[in-house]
Amino acid sequence: MNPAFDIDALRAVVTGIDLRSFARAAVELGRSQSAISMQLKKLEQQAGTQLFVRKGRGLVATEAGEALAAYARQIIALNDEAARVLGAAVTSETVRLGLPQDFFDDVMPATLSSFAADHPGVHVEVRAGPNHTLGEEIQAGRLDGAIVFFPEGAGGEGEHLCRLPMQWLMHKTTADQTVHDRVPLVMFDHPCLFRQATLATLDQAGRRWRVSVTTPSLPGIWGALRSKLGIAVRTGHGVPDDIACVGDGLGLPSLPAIELRLLRSQNATPAAHDLCEALRRETLDRVAPH
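Residues numbered from 1 in each chain as written. Predicted model: local features only at pLDDT ≥ 70, side-chain atom pairs only at ≥ 80, totals over all residues. Heavy atoms only, no water.

Caption draft 1: Representation of the overall build of the protein. A tally of regular secondary structure across the protein gives nine helices and eleven strands. The buried share of the protein, taken over its 290 residues, is 47%. Residue pairs in contact within the protein that sit at least 24 positions apart in sequence constitute 75% of those at least 6 positions apart. About 14,800 Å² of surface is accessible on the protein, with carbon and sulfur atoms providing 51% of the total. (Helix = DSSP H or I, 4+ residues; strand = E, 2+ residues; numbered from the N terminus. Buried < 20%, exposed > 50% of the residue type's maximum accessible area, 1.4 Å probe, protein only. Contact = heavy atoms within 4.5 Å. Areas by Shrake-Rupley, 256 points an atom, 1.4 Å probe, with all protein chains shown as cover.)

Caption draft 2: Local environment of the packing of aromatic side chains. Across all of its chains, the model carries three aromatic pairs by this definition. Measuring from ring centre to ring centre gives 5.1 Å for phenylalanine 22 and phenylalanine 52, while their planes differ by 85°; the resulting arrangement is edge-to-face. Of this pair, phenylalanine 22 sits in helix α2 (residues 22-29) while phenylalanine 52 is found in strand β1 (residues 52-55), placing the two residues 30 residues apart along the sequence. A single burial state applies to phenylalanine 22 and to phenylalanine 52, both of which are buried. With a centroid separation of 5.0 Å and an interplanar angle of 90°, the aromatic rings of phenylalanine 149 and phenylalanine 194 are classed as edge-to-face. (Phe/Tyr/Trp six-rings, centres within 6.5 Å; stacked < 30°, edge-to-face > 60°.)

Caption draft 3: How the structure looks around helix α8 (residues 218-226). Those residues of α8 that sit buried are Leu218, Ile221, Trp222, Ala224 and Leu225. The arc that holds every buried residue of α8, seen down its axis, measures 160°, which confines them to one face. Taken together, the buried residues of α8 touch β6 (159-171), β7 (183-188), β8 (209-215), β9 (232-235) and β10 (243-246). Taking the backbone nitrogen of glycine 220 as reference, a side-chain oxygen 3.0 Å away marks serine 217 as the first, capping residue of α8. (Arc of directions from axis to C-beta. Polar contact = N/O pair within 3.5 Å; in protein donor to acceptor, adjacent residues only side chain to side chain.)

Caption draft 4: Representation of empty space enclosed by the protein within the structure. Under the defined criterion, the tally for this structure stands at one cavity of 30 Å³ or more. Size it by volume and the largest cavity reaches roughly 60 Å³. When contributions to the lining of the largest cavity are tallied by element, the ones reaching two or more residues are β7, α7 (193-204) and β9. When the residues that make up the lining of the largest cavity are grouped by side-chain class, the tally is eight nonpolar, one polar and two charged. (1 Å grid on protein atoms, 1.4 Å probe; cavity = no way out; pocket = protein on both sides within 12 Å on 5 of 7 lines; lining within 4 Å. Points joined across faces, edges and corners; volume = space filled by probe spheres on them. Nonpolar A, V, L, I, M, F, W, Y, C, P; charged D, E, K, R; others polar.)

Caption draft 5: The pairing of strand β5 (residues 145-151), seen in detail. Buried residues dominate β5, accounting for six of its seven residues. In this sheet, β5 lies alongside strand β3 (residues 94-99) in parallel orientation, the contact comprising two bridges. Bridge pairing in β5 places glycine 98 opposite alanine 146. Relative to strand β11 (residues 257-264), β5 runs antiparallel, the two being bridged by seven bridges. If you follow glycine 145 over to β11, its bridge partner there is arginine 264. (Pairing = 2+ DSSP bridges.)

Caption draft 6: Summary view of the layout of surface pockets. Counted as a void, the largest pocket has a volume near 950 Å³. Breaking the lining of the largest pocket down by element, the ones donating at least two residues are α1 (7-19), α2, α4 (63-85), β3, β4 (123-128), α6 (131-139) and β11. Per-element accounting of the lining of the largest pocket gives the leading share, seven residues, to α4. Space inside the second largest pocket adds up to approximately 420 Å³. Together, 23 residues line the second largest pocket, and Gly129, Pro130, Asn131, Pro191 and Cys192 are the ones closest to its centre. Going through the elements one at a time, α6, β5 and α7 are the ones with two or more residues in the lining of the second largest pocket.

Caption draft 7: Summary view of the state of the cysteines. The final tally for this structure, using the stated rule, is zero disulfides. Looking at the unpaired cysteine 192, the closest cysteine sulfur is the one in cysteine 245, lying at 16 Å. Here cysteine 276 is not disulfide-linked; the sulfur of cysteine 162 is the nearest cysteine sulfur, at 16 Å. By relative accessible area, which is 1% here, cysteine 276 ends up buried. (Disulfide = S-S within 2.5 Å.)

Caption draft 8: Representation of the side chain of histidine 119. Considering the arrangement of structural elements, one finds histidine 119 in the loop between α5 (107-118) and β4. According to the relative accessible area criterion, histidine 119 is buried, its value standing at 17%. In terms of polar contacts, histidine 119 uses its side chain to reach the side chain of aspartate 274, at 2.9 Å. Those residues in contact with histidine 119 that sit more than four places away from it in its chain are Ala271 and Asp274.

Caption draft 9: Layout of the pairing of β1. Where β1 lies against strand β2 (residues 58-61), four bridges are found, and the strand directions are antiparallel. When the sheet's bridge partners are listed, arginine 54 is paired in β2 with leucine 59.

Caption draft 10: Quick look at the pattern of salt bridges. If you walk through the whole model with that rule in mind, you get 14 salt bridges. For glutamate 137, the salt bridge identified is with arginine 127, shortest N-O distance 2.5 Å. Of this pair, glutamate 137 sits in helix α6 while arginine 127 sits in strand β4, and the two are ten residues apart along the sequence. The residues glutamate 137 and arginine 127 share a single accessibility class, namely buried. What you see here is one network of salt bridges that share partners, running through Asp18, Arg73, Arg96, Glu125, Arg127, Glu137 and Arg142. (Salt bridge = Lys/Arg side-chain N within 4 Å of Asp/Glu carboxyl O.)

Structure follows, in structure tokens:
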């Protein structure tokens, strides 16, 4: 006889993987940690294989656990969709959006407003992150949609939205200063496409450089530029008023362009599909050159 997986247990699996903590999942779902543990144990007994292994103080999914989680997302989505169609009360659906910090001031709020107008009861979770992380989250089903930077002309997944030139950036009070010695750089942590392009461009031009500041956040980049600690590279989108795009006047080499693409989950629910469409529409309207 085939096992009948409990929907609440499957929901606990998905929530625990998404939050990277079953302790946080217990809080999110309003259950005790012992209840969540019992659900996971029962699932393993039904599946006949180990779904999670202990790593440090938490649990991580095995290959079988990741496979079950992928099916669990589809089962939960179909269960909740059927309940909504029949008029039954269900837990509010959650859709998950990812994007670089560059677009938090305009694309993100516009997308949320547009989506909420047609889906007032759906909970939206927004995550910021570097490109490789957002791509991995889409692949694992932990995000429904994301806009992500790609090297220009690179192959791979995603829908091409636009091409954006990279820019040398400095605080306006230092924008007219010529860089004679090693170029002082303010950059994101490795790995970062802007970091890679910056170093490759300078090396190809024979320009010496040094890393002045490394930070994991875009506000950290702006703060370092305001402190006059160096030069950064981003696109010209969302640049604060006191930061200037420079380059030719400083004798710096020309930078390549970068692509912006839309990534979608393969198991998107109708609401998640609508969220991706809103993200696509607002990105093209607010970011793509016209």
